[in-house]
Amino acid sequence: MHALSFLNYFRPVDRPISVSRLQRSMRISIIAGAIGIPWVATFLPGYILNVFFKNHLGGTAFQLGLMVALIYFSNLFHLGAIYIFSRVRSIKLFWWVLHILHRLAGFVLAFVCVRVIRGGDVQTGIVLTMVAITLSFIISNASAAGWSAWMADLVPGPIRATFFTRRTAILNIVSMAWFFLVTLALDISNQNSLVVFAIVFVVAGIGGVVDIFLHLYIPEQKPILVQESPSWRLYSEPLRNTNFRRFSLAFALYMLSTNILAPFLGPYLTASDGIGAPNVWLGILVINIQLATIATIAFWGVVMDRFGRKPVALIGSLSFLAGIGWFFLTPQNYVFIIPVIALLTGSLNPAFIEGINQMMLTITPEKNKTSFVGWFLTIVGMGNAVGALGGGYLYDLLGEWRYELWHGFSIGSFHFVALVNMALCAVSFLFLLHIREGGEKPMGFVFSRLATPGILRTFSNMSIISKPRSSDRVAQALREIEGSSSSLAIWDILGRLDDPDSEVREEAASALGRARADEAVEALIERLCDPESTIRTSAAKALGRIGNPRALPYLIEGLECSSDEVQQACAQAIGKIGGEESLSQLFRLMRENRSERVSALSAEALSRHGVLEAAWEILPMMHHTKNPVLRRQLAIAMGNLLGAPGEFYQYYTGLDSVQGNRFDRLFVQARRTLSAFEKSSDKTAANSLVAELMRVREWIENSEYPCALRALADILRRLVIVRLQRELEDEDALLYYAVYRDSRLGLGYWAAREMLQLTAPDSNQELLRINILLILYFIANYHKDRSSRRIGYRR
């Protein structure tokens, strides 16, 4: 009965796993991993195992390389897992049994330490260590692919990268503490190092077994797609998948490059003929790497979920550039250089390792997943093995070789191996560039977002937006979202469009607009078209800022809304997006009997696109409106047409002081324009233009605005004659000819004539000053922009 109850833990679950059970399972996975990480940190080829084997047990560099190579060659047994997992009913049961046996290797190495301490043969200990570790990983690799397939079926794809990066961050904290304690203990008990190693191996072995035991409580989700019966086609399918094959080989080359150097790094740093650093410096190295990893891994997980795994993996692969520091490392400066290398490596390594792991799961089809995972681990393992074996051989081959670059600084066999490592990493980076993941953003796009100064603020705000917080804090965080780095937070912001708080909803829509998020266009269109939505105005404004033409039909439809606010927002948005159809709709909107506010916004939008024909409507509206705010808005729209869009605003603000610096600057520019015509035209027709301009200034200073306006209109008429070199008695003919020959000049001349006709003797002072400023602005800027576009003329 107890045996049957125990076996129930291994039965795959047919029905969907509940959210609460999934969360509990993920917590167990993290706890189990934290207990077992000392085993991984101790017995995987790395600093502790390698230093024990070479510096304390007495193995050679080639023997170390051979042991590491044998561990990685054991990845061939992943191929056996393909057959086994296609036969067994429970992946979990097979994995659990074999991994319990795998973790017992820790006790074997503890036995080796005790045997050598008691006078046993060292060479026998070396051989026993190599055999035990190799057999342990053969057993592990015969079932390891099952864990990846098990977890991939259990944890949903949208949260997978975030979960695994969080899990890795926690495991790294435990690993960091473990590593530091081990290296500190070795330095304190330097004369009894084998005793310390024996204790370390026992403790790690116990933790490793407990880790596997706790996996009993993590359910196995029955796969949606049933595995086919084993066949050659099943085995070889991954090798026929070109993208998967290239991906596996590119990553294998990178790991080959890494393992040319990695197994010998710890021994080199602590050996007396190397850097000679205390063992604790291996702990400091790992601590700095882990701290950087812990600080960045959650960030990289979010970036992967938002932008894809490939660009993150590519950015992370550049961690090999930190290895440049090894060439400058000496016994005198290692206390400074080691932490720098560690921090750079630790910041980028999680991006690469997690990016590659998640990328592998992404490009692996759901059907026959175990075969793909098995082949991936096998191919990568072969790369690791060849790298370790080649690095050990190369290290021993070069032996004591040294070359002095300058006095007091020389390079040796370690530096040569490091150079080979960096060269091969660069080649593998180029291969990884050509791998297709599907749906990922280009690396340049992601890098440009991550390199912006606001990326840390965006990431900080995401933690507020995506979690339960007070509405005030969420709204404030949304207000701070802006710039290209905000692309990272798009999906979190989208979730706030339906927030219960109206302010949060509005701020979410505004934030999407500031982020120019194309991904949000459909969601914003949905809110715009929903008559019950309270954020229609904000949605329309956001669509305008995003500028995607897909929104135009819905914004045009929004012009028919009964709400003036929605009409105004749609008019503004259409103007920002542009396009022939949208501009024609704005013309219609401006001419219809809508509210003055809507008409003014339409006019402003048209003017920003340089549609000169809009002037025929804007100028009369400016003179007829009684609303001073709308008059100023229309004046700015008119200025956009008479000069560069957006430039007139700076001259118009602060209009209450026409004697200010900006007004003086306009006079200087206008004088230069007229002087240029005097130099290039008939002196008889042009010699008095500058003198007349000076009289205009006097009239303005004396507040004789009607005289100044008439004089400026006359200057402009004479400027047309000088420019066209033709004087016509008929004013309408002269205007028509001006419009035909030079549309910009024709527009300015028409505007001056209209201003004289529309300005009554009793017009208020502000309207007169606006007219004067517009004509003066046109004259000052005419030489900058002479448009050749012809426009229709309508009196």
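Structural notes, computed from the coordinates. (Residues numbered from 1 in each chain as written. Predicted model: local features only at pLDDT ≥ 70, side-chain atom pairs only at ≥ 80, totals over all residues. Heavy atoms only, no water.)

**Brief notes about the overall build of the chain**
Item 1. Per the secondary structure count, the chain includes 40 helices and 2 strands.
Item 2. Computed over C-alpha atoms, the radius of gyration of the chain comes to 37 Å, more than 25% over the 28 Å expected from 2.2 N^0.38 for 795 residues, which places it beyond the range of a compact globule.
Item 3. Dimensions of the chain along its principal axes, counting C-alpha atoms only, are 120 × 75 × 50 Å.
Item 4. Going through the 795 residues of the chain one by one, you find that 56% of them count as buried.
Item 5. Put simply, of all contacts in the chain between residues at least 6 apart along the chain, 77% involve residues at least 24 apart.
Item 6. Charge centroids of the chain, computed over 75 positive and 64 negative side chains, lie 6 Å from each other. (Helix = DSSP H or I, 4+ residues; strand = E, 2+ residues; numbered from the N terminus. Rg over C-alpha atoms; globule rule 2.2 N^0.38 Å. Buried < 20%, exposed > 50% of the residue type's maximum accessible area, 1.4 Å probe, protein only. Contact = heavy atoms within 4.5 Å. Lys, Arg positive; Asp, Glu negative; His and termini not counted. Charge placed at Lys NZ, Arg CZ, Asp CG, Glu CD.)

**Let's talk about the packing of aromatic side chains**
Item 1. This model, assessed by the stated rule, comprises 19 aromatic pairs.
Item 2. Aromatic side chains Trp96 and Phe213 sit 6.3 Å apart centroid to centroid with 55° between the ring planes, which places their arrangement in the tilted category. Remark: Phe213 occurs in helix H11 (residues 193–214) and Trp96 occurs in helix H6 (residues 91–103); sequence separation between them is 117 residues.
Item 3. What makes Phe213 partly exposed here is its relative accessible area of 39%.
Item 4. Seen from their ring centres, Trp326 and Phe414 are 6.4 Å apart, and the 85° between their planes marks the pair as edge-to-face. Highlighted residues: Trp326 in the loop between helix H16 (309–317) and helix H17 (334–363) and Phe414 in helix H19 (residues 413–432), separated in sequence by 88 residues.
Item 5. Taking the relative accessible area as the measure of exposure, Phe414 reaches 2% and is therefore buried.
Item 6. Chaining the aromatic ring pairs together yields one cluster made of Trp39, Phe43, Phe52, Phe137, Phe197 and Phe201.
Item 7. The residue whose ring lies beneath Arg103 is Trp39, and the NZ or CZ to ring-centre distance is 4.9 Å.
Item 8. A cation over an aromatic ring shows up here: Arg697 above the ring of Phe667, its NZ or CZ 5.0 Å from the ring centre. (Phe/Tyr/Trp six-rings, centres within 6.5 Å; stacked < 30°, edge-to-face > 60°. Lys NZ or Arg CZ within 6 Å of the ring centre and 35° of its normal.)

**With respect to the nonpolar core**
Item 1. Membership of the largest hydrophobic core comes to 235 residues, with the highest contact counts inside it found for Leu269, Leu524, Leu555 and Met638.
Item 2. Listed in part, the 20 residues of the second largest apolar core include Met26, Trp147, Phe163 and Leu216. (Core = buried A, V, L, I, M, F, W, Y, C linked by side-chain atoms within 4.5 Å.)

**Let's talk about the packing of H16 against helix H20 (residues 443–450)**
Item 1. Packing of H16 against H20 brings their axes to within 9 Å, and their N-to-C directions diverge by 70°. As judged from the angle between their axes, H16 and H20 are roughly perpendicular. When you trace H16 past H20, the crossing you get is right-handed. Between H16 and H20, the residues in contact are Pro311, Leu314 and Ile315 and Met443, Val446, Phe447 and Leu450, respectively.
Item 2. A per-class count over the contact of H16 with H20 returns 7 nonpolar, no polar and no charged. (Axes fitted to C-alpha atoms, helices over the stretch in contact; angles between N-to-C directions. Parallel < 35°, antiparallel > 145°, perpendicular 65-115°, else oblique. Left-handed = near helix turned anticlockwise from the far one by under 90°. Nonpolar A, V, L, I, M, F, W, Y, C, P; charged D, E, K, R; others polar.)

**Quick look at a positive patch on the surface**
Item 1. Where like charges cluster on the molecular surface, the positive patch consists of Arg516, Lys541, Arg545, Lys576, Arg597 and Arg608.
Item 2. Within the residue set of the positive patch, elements represented by two or more residues are helix H26 (536–546) and helix H30 (596–608).
Item 3. Among the structural elements, Lys576 can be located in helix H28 (residues 564–577).
Item 4. Among the residues examined, Lys576 registers a relative accessible area of 53% and is labelled exposed. (Patch = residues over 30% accessible without salt bridge, like charges linked within 9 Å, V, L, I, M, F, W, Y side chains within 5 Å. Areas by Shrake-Rupley, 256 points an atom, 1.4 Å probe, with all protein chains shown as cover. Salt bridge = Lys/Arg side-chain N within 4 Å of Asp/Glu carboxyl O.)

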